Structure formats: structure tokens, C-alpha cells
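Observations on the model geometry
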Amino acid sequence: MDRDILINQFLKLFPEFHYSYIEHLELNQEFLGHVFFGDEVATYVEGLLRENNDKEQIEKFFNFFEWMATQTILYIVQVLSTTILYDLGGHTDILQKAQCYMKPHTKRLSYEIEDLHSGRYFS
């Protein structure tokens, strides 16, 4: 159910990913949010940030990420934090660009993920 809410909301905003979603279902026999959002969405957004010339599309993704960050469904927040934000944080230059587009809740999660993976969280 939680997965359905996530993918339905995503495909409503980004129908261009419909065929990627169908391929994902055929390959995995079910929707695996972390896999789909890691392989398809995080990779796509990283490319947008590298080029940094389609600001409208980047903002659209980060508005969706903010929606994810404000959900009370833990699964949705986990997909954002441990998949999308973790992937973006793996590249300092990409993370810096991403932070310019992040809204408050997304930015807070991003800082928490970076603190966790850098060890500052345990200091």
C-alpha cells in the first residue's frame, strides 16, 4: 500500500517514467521502491544536476522530494533518505548543486544522512 502511494504520486507528476516503471515490474515481478528510485530517479536527477540547465525540471523533482520528506509513511521517507539523498551525497559537487534546490525538510534529511555516513552522527 505504501509503495503504491509513492509510485502513483510519482507517475502522476512524472509520466515520462511510466515505461521505466513497467520494465522494472517485468524485471522484478514487483515494485521495489529503493531499486527503482535508485536506478532510475536518482541517476536521472544526478544527470540533471550535472548539466544544470533544466532548472524547472530540477525544481519539480525537488518539490516531489519535499513531499516525500513530509510524509508520515516511513517507507516513503526511507526511500528518499537512504536511496535518493544517499546517492546524491556520494558526489560533493552534485550534492552542493542539489542543496540549492532542496526545501527545508529535504535539506534536514540530507544533513542527517551526511552526518550518519561521515561518522559525525556518532561523535
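I will try to describe carefully the structure that is included in this document. (Residues numbered from 1 in each chain as written. Predicted model: local features only at pLDDT ≥ 70, side-chain atom pairs only at ≥ 80, totals over all residues. Heavy atoms only, no water.)

1. Observations regarding the nonpolar core
With 36 residues, the main nonpolar core has Phe-10, Phe-37, Phe-62 and Phe-65 as its most contacted residues. Elements with a minimum of two residues in this core: α1 (2-13), α3 (33-51), α4 (55-69), α5 (74-89) and α6 (92-101). Of the residues forming this core, the biggest block, eight residues, is contributed by α5. Aside from chain neighbours lying at most four places away, what touches Phe-65 is Val-41, Val-45, Leu-80, Ile-84 and Thr-106. (Core = buried A, V, L, I, M, F, W, Y, C linked by side-chain atoms within 4.5 Å. Buried < 20%, exposed > 50% of the residue type's maximum accessible area, 1.4 Å probe, protein only. Helix = DSSP H or I, 4+ residues; strand = E, 2+ residues; numbered from the N terminus. Contact = heavy atoms within 4.5 Å.)

2. Examining the environment of Lys-97
Its place among the elements puts Lys-97 in helix α6. In sequence terms Lys-97 and Phe-37 are 60 residues apart; their C-alpha atoms lie 19 Å from each other. Filtering out sequence-adjacent residues up to four positions away, Lys-97 remains in contact with Leu-49, Arg-50 and Asn-52. Engagement of the side chain of Lys-97 in a polar contact is seen with the backbone oxygen of Leu-49, the distance being 3.2 Å. (Polar contact = N/O pair within 3.5 Å; in protein donor to acceptor, adjacent residues only side chain to side chain.)

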